[in-house]
Structure formats: C-alpha cells, structure tokens
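One-letter residues, chain by chain:
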Amino acid sequence: MTQGNCPSCGAPVEFTAGTALVVVCGHCQTVVARQGNYLEAHGKIGAIVDTDSPLQLNADGRIGRDAYRIVGHLQKDHGAGPWDEWYVEFDDGRTGWLSESEGAFHLLIASGSEQGLSIDDFAPGHRFTLQGHRLVVEELGHGHVVAAAGQLPSDVDPTADSRYVDATGARGVFVTLDFGTGTTDPEVYVGKKLKLTELGISPDQLRPKVKKVALQQARCTNCNGSLELRAPDRTKRVACPYCGALLDASRGKLAFLQLLEKPDHAPLIPLGAKGTLRDAEWVCIGFLVRSCTVEGVRYPWEEYLLFNRQQGFLWLMQSNGHWVVLEPLAAGDVAVAPGVAAHLDSKRYRAFQSVTAVTETVLGEFYWEVEAGETAEAEEYVAPPFSVNVDRTDNEVTYTFGEYLAPHVIKEAFKLTEPLPEPHGIAPSQPNPHSSAGTWKWTGIWATALLLVFLFANVRADNRTVLTQQVVLDSDAQSGSPSAMHFSEPFEIRKRGNVQAMVVAPVNNAWLGVQGDLVNEQTGEAVSFYDEVSYYSGSDSDGSWSEGNQTETEYLSAVAPGRYVLRTTAFFDGRAQGRSYTVTLVSDTPRGSWFCSALVLLLIAPALAFFRSSSFESARWAESNLGSSSDD
C-alpha cells in the first residue's frame, strides 16, 4: 500500500490495489500517479455524475470461488449520455472491468493484445473467430473518459477518443476489442454477460437508486407536463405524451432534445398498462410507430416496449392486426446467412424480408437513445410461429426472437376493454391454420391400423385351394348350351369367407367366357360368377402388338361352409374344337381391394389439408421480398 498527499490539494490519497498506477483525489479530482516513492499530479478529471448504477467503489464480490473488489470507476461518453465501467482486482492478482449496458453487466478479463487486427475489418454482424471463440460483432463504438474515481491501472486522458468493438459468442461469451486511439492491434478483453445477482455483491453494498427518486415525478422541460416514469433507472429517452418533446434522461435529469410529431391515434396498449405474459407482469412504458416503403407503398407497424424489473425488456409488435412478442437475443447465439436463412438452436429460419425501417413516432420511455427519423436495415427470418429479427445500423446490430400471438392473448393479458383490430392478410410468422402435419400424422396412425388389420386377416385366413378343374370342350359343343356344360366332383368349403375363382384359357385371337355356379348339395342354393378371357395379337406398320389376358379372376363374397359342386358353362365364338379352360377355387382368401379403398379414403383429408396449406403458404410468401413459396 502506498499512502501520501495529493500534490494538488494536499488531501490524503492511498493506493490499496497493487495493479493501480493512478488514483483520483476524492477532494479535487486530480489524477495522482505514483512514480517510485513519489506522487505526481497529472491533471484533473471530471467528477462522477449520477447514472443510478447499483455498484460503488470498494464493494466486494464473488463469482464462484473468485473474490474481487471494485477499486476504480470510469465514466465514458460518446455524446449521447455516459456509461459506467468499473475496475476490479481479484484476490489472486488478476484484474478486469465490469461494464453496464441496459441493465446487464459484462465482466471482462484482459487477454492480451491481438496483432494484425484492424478496426476497418469489422462491421455490425461480421463473424470471426478469436482465441477459440466464434464471435459476431454487435457494436462498433467510441467514447472518451469524462469522469473518474478511485484507483485505475493507467493514466487518464480525457481528450482521447477511444474506439472499440463489442462481439458476442455462444452461451453468453462477450468480447471487447479495445483499439484505443489507434486502428490496429487491439487489447482483447474476454468475459460473459451477468445479472446483478450473479456478481456476488451483498445487497448492503449496493448503492441506492438516487436517479429513480429524482425522476419519478419529473416534468417535461418543454410543456411542464407531469411525467410518471415507470423505469427511471433504465430510461435514457422520454417522449412527452402532451407536447411530443423528446427528452434525454441519461444524466439523472431531463434535457430537451427535439420536438416530435404526435401519434395520429392512441396506442392500443396504453402507456402504464400492466399485463401478464410468460408468467410475469409487464408494464407498457414505450410506443413506437415504424414503417418501411416498398415499391412506393408505405407499410407501417407499431412497437410496444414492456418492462419488468427482474426480467428486463420485451417488445410487442403489431402489424395489420397481427401480434408478435420479441425478446433480445445475443448475436453469437444465431448463425445468419444474410438473405437466405438464420439458424437458432438447430432450427432453420427462412429469410422472409429485408427492408429499411424508419422510426416515425416516439412516445414514452426507452432504454436507448431513440430519435425520430432514425433508420435501420431490418431483416426477418421465419419458422412459424417463431421468427428471428435483425436490426442493423452503421454502428450496431441487434437480434430478437419473436413468437406470434393471437390478438385475444394480448387483449386478455392487458385486460383491454376496447376491441383490437381484426387481423388482415397473413403475417410472416403466422402459424398455418391449415397445416397438414397433424392430418398426416393421424392418417399415418389409421393407415398403420388398417395395415395391421389386413395383415391379421391374412394370417387368420384359411386360403385353401378347394378345387382345380380342367375342362376340355367336346368338338361339337355349342356356346352356352348344355353341351358346353360341365360338373365338377364334390368339394368342401370348411370356413365362411371369400372364394376366389380364377379361370385360365389358352385362347389366341379369340375369347372364352365361363359361367360358374357353386351349388350347395345340402341346400341347393347356388353362388354364381362369370369370367371372360380374351387375347389378341398381331403386327402392323408400328410393329407387333397384343392386348387382353388369358387369365381372369373373380371374388365371391361370404360363401357359407358346406359341400359344393361347381357347374360351369362355356361361351365362345366359333367352333369348340380344341378349346379348354381351367377353373381354380380358393376358399377364405382375403381381398386387398377393401384395404386399398380405405387407404384412398384416408388420403382425401390430408390431400385437402395439403392443398389448403399450400395455398396459405403461397399467399404468405407472395409478400416476401427474399423467399419463395415453401413446403408446409
């Protein structure tokens, strides 16, 4: 530990952190550096302004087994409000930085410099691999130190504008490339995103939220209207609902920025309305109207910002009566082939549209520096009812995961009394109401059941040949007359069921018909059938040809068991000389026709569903400017 007096004002200063090279005098804001046993004044730095950070100097924390202490504090600004960075020293001598962004914390550990990298190589959405991590650039930024306190690892130059690149990887990995005032060979800091509760700092060491108290009953600086802020500790922009003034709230008090055009209609979800979604209560704190123009036609939509103190922020987007709930995604968790597809958790999302989105109307509170007229390149990738959405500016890219919600879900969640607009057209991530997936599933189940019944019937069937009778006609037999009639020897059918009658005749360029009658010897009842075979062949200018068949089969349904005689009568054209035929009877033989007929009937429902589903998808993808009609 080094102790001494501030060279500027004489107040006592001390170095408790072994890695600290400078300390900011708490009395006069002089940056004091230690040079051996001597202390030197290196100019003054601004005092910390209240940003309502819950952290404070000398707070002790623990992440896993690693204990640390907050020993330094920097505030940086890029012109749109300051942000906080905290210098931490671990008990084992390692050091790192805690940064805050939109209520989340990133603990970053120095990982050396990376030679050969240039800031010009990076753009929002750029993918690269560094130190074994697959990363996606989320933000390109810059800022200079405007205030400091405590002990710091290096001197502070408030005139230097430093540049950085923030990137994320899978499973919460967060990387910052600090280029400083140069453009190459950045310092690399690797860490992960953490919640406040994961920092391991006891509640009694956290700072009270002064900003929240100061802003809860704020008034518009333009019209003096009362502003009831619902998330004052997270809010950076406020749009007055009375006069449309856009106010900055990043420095703990309101400052006028610009006058906005007031919305032409009240938000469907009023500001301040509370609703329950995903087992949590949310309050609506912000309202935007954004639009895009495609082929000269303006397409507007509305976005509602929801806030929950424990879970952060959600978005509800409403377009043509359709609703989508959106939650933030880390860029590193999504793989995107621009204009083709996005992949999240092994699921593929097809590219649907890419437009330039313009912010037209602003109302309420927002956690970033929103401005009317700002633009972003917006892409949407869909796998109904879900979507992956990408908003890209020159300096930043944000990803959100969307889920389609029916209007009645929104109405019930927020207890809205006024009716919501009826959905019009088809939304990009709207579920297909005619999806044939379920129909095909049940068709498969019933088809399997039918097949099992058919196989069971085949196994149980007797399938016995009860008669094979060859008949040679007398040369003087006359067609259809008693002379062409023949009686078989008696045979027995043991089991009730179908009887297959097959007639085979060696006809050539002729035909032969057989009238068959199964006569029950006990009852005298007859079961009849008629089979006709014909076969013709020849040749012509096109070559040889043939038609017909020398075999025909007929099924007799539900023949009772008993002793039978088969009486056959032949019909033919011309003389009977040389004519013959063979009749084979098989008892209790199952037919496949009923199975085929039932299967065809089963296919009617999924076929209709597939047609309706395909029509729905065609209508959906007709609105896409990136994709084409997809399979259901």
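Our structure is the block above this text.
Read on for a plain summary of the structure. (Residues numbered from 1 in each chain as written. Predicted model: local features only at pLDDT ≥ 70, side-chain atom pairs only at ≥ 80, totals over all residues. Heavy atoms only, no water.)

Once that is clear, we can look at the overall build of the chain. Across its full length, the chain carries four helices and 41 strands. At 42 Å, the chain has a C-alpha radius of gyration far larger than the 26 Å of a compact globule built from 632 residues. Projected onto its principal axes, the C-alpha coordinates of the chain cover approximately 145 × 55 × 55 Å. Relative to its 632 residues, the chain shows a buried fraction of 46%. Within the chain, counting contacts between residues at least 6 apart in sequence, those at least 24 apart form 61% of the total. Positive and negative charge centroids in the chain, built from 50 and 77 side chains respectively, lie 6 Å apart. (Helix = DSSP H or I, 4+ residues; strand = E, 2+ residues; numbered from the N terminus. Rg over C-alpha atoms; globule rule 2.2 N^0.38 Å. Buried < 20%, exposed > 50% of the residue type's maximum accessible area, 1.4 Å probe, protein only. Contact = heavy atoms within 4.5 Å. Lys, Arg positive; Asp, Glu negative; His and termini not counted. Charge placed at Lys NZ, Arg CZ, Asp CG, Glu CD.)

Volume-wise, the second largest pocket comes out at about 320 Å³. Around the second largest pocket sit 17 residues that line it, and Asp264, His265, Val289, Arg298 and Pro300 are the ones nearest its centre. Mapped by element, the contributors of at least two residues to the lining of the second largest pocket are β23 (297–308), β24 (312–319) and β28 (347–366). Among the elements that line the lining of the second largest pocket, the one with the most residues is β23, at four residues. Across the lining of the second largest pocket, the residue classes break down as five nonpolar, six polar and six charged. (1 Å grid on protein atoms, 1.4 Å probe; cavity = no way out; pocket = protein on both sides within 12 Å on 5 of 7 lines; lining within 4 Å. Points joined across faces, edges and corners; volume = space filled by probe spheres on them. Nonpolar A, V, L, I, M, F, W, Y, C, P; charged D, E, K, R; others polar.)

Take the nonpolar core next. Among the nonpolar cores identified, the biggest contains 29 residues, and Phe491, Leu512, Leu518, Phe529, Leu566, Tyr581 and Leu585 are the most heavily contacted of them. For this core, the secondary-structure elements that each account for two or more residues are β32 (464–472), β34 (491–493), β35 (497–504), β36 (510–520), β37 (526–540), β39 (551–559), β40 (562–572) and β41 (580–587). Not counting residues within four places of it along the chain, the set of residues in contact with Leu585 comprises Arg464, Thr465, Val466, Leu467, Phe491, Val499, Gln500, Ala501, Leu518 and Leu566. (Core = buried A, V, L, I, M, F, W, Y, C linked by side-chain atoms within 4.5 Å.)

Reading across the sheet, the four strands line up as β32-β41-β35-β39 and stay open at both edges, with antiparallel pairing between neighbours. In this open sheet, the two edge strands, each paired with only one partner strand, are β32 and β39. The sheet shows a mean angle of 15° between the axes of neighbouring strands, direction not considered. (Pairing = 2+ DSSP bridges. Axes fitted to C-alpha atoms, helices over the stretch in contact; angles between N-to-C directions.)

A few words on the pairing of strand β11 (residues 127–130). The alternating pattern of β11 places Phe128 and Leu130 on a buried face, while none of Arg127 and Thr129, on the opposite face, is buried. In this sheet, strand β12 (residues 133–152) lies alongside β11 in antiparallel orientation, the contact comprising four bridges. Note on β12: the bridge partner recorded for Leu130 is His133.

Taken as a whole and judged by the stated rule, the model has 15 salt bridges. The partner of Glu303 in a salt bridge is Arg290, with the nearest N and O atoms 3.1 Å apart. Of the two residues, Glu303 is situated in strand β23 and Arg290 in strand β22 (residues 280–294); the sequence distance between them amounts to 13 residues. By relative accessible area, which is 9% here, Glu303 ends up buried. When the shortest N-O distance is used, the salt bridge between Arg298 and Glu360 registers 2.7 Å. A residue pair is termed long-range when its members are at least 10 positions apart, and Arg298 in strand β23 and Glu360 in strand β28 qualify at 62 residues. Under the relative-accessibility criterion, Arg298 is labelled partly exposed at 45%. One salt-bridge network, in which partners are shared between bridges, spans Asp66, Asp92 and Arg94. (Salt bridge = Lys/Arg side-chain N within 4 Å of Asp/Glu carboxyl O.)

Here we take up the state of the cysteines. One way to say it: the disulfide is the covalent bond shared by the sulfur atoms of two cysteines. Under the definition given, this model contains zero disulfides. Residue Cys284 stays outside any disulfide, its sulfur separated by 16 Å from that of Cys240, the closest cysteine. According to the relative accessible area criterion, Cys284 is buried, its value standing at 0%. (Disulfide = S-S within 2.5 Å.)

Further remarks concern the environment of Asn549. Within the secondary structure, Asn549 is located in strand β38 (residues 543–549). A relative accessible area of 42% places Asn549 in the partly exposed class. Between the alpha carbons of Asn549 and Ala619 there is a distance of 50 Å; along the sequence they are 70 residues apart. If sequence neighbours within four positions are ignored, Asn549 has contacts with Val533, Ser534 and Tyr535.

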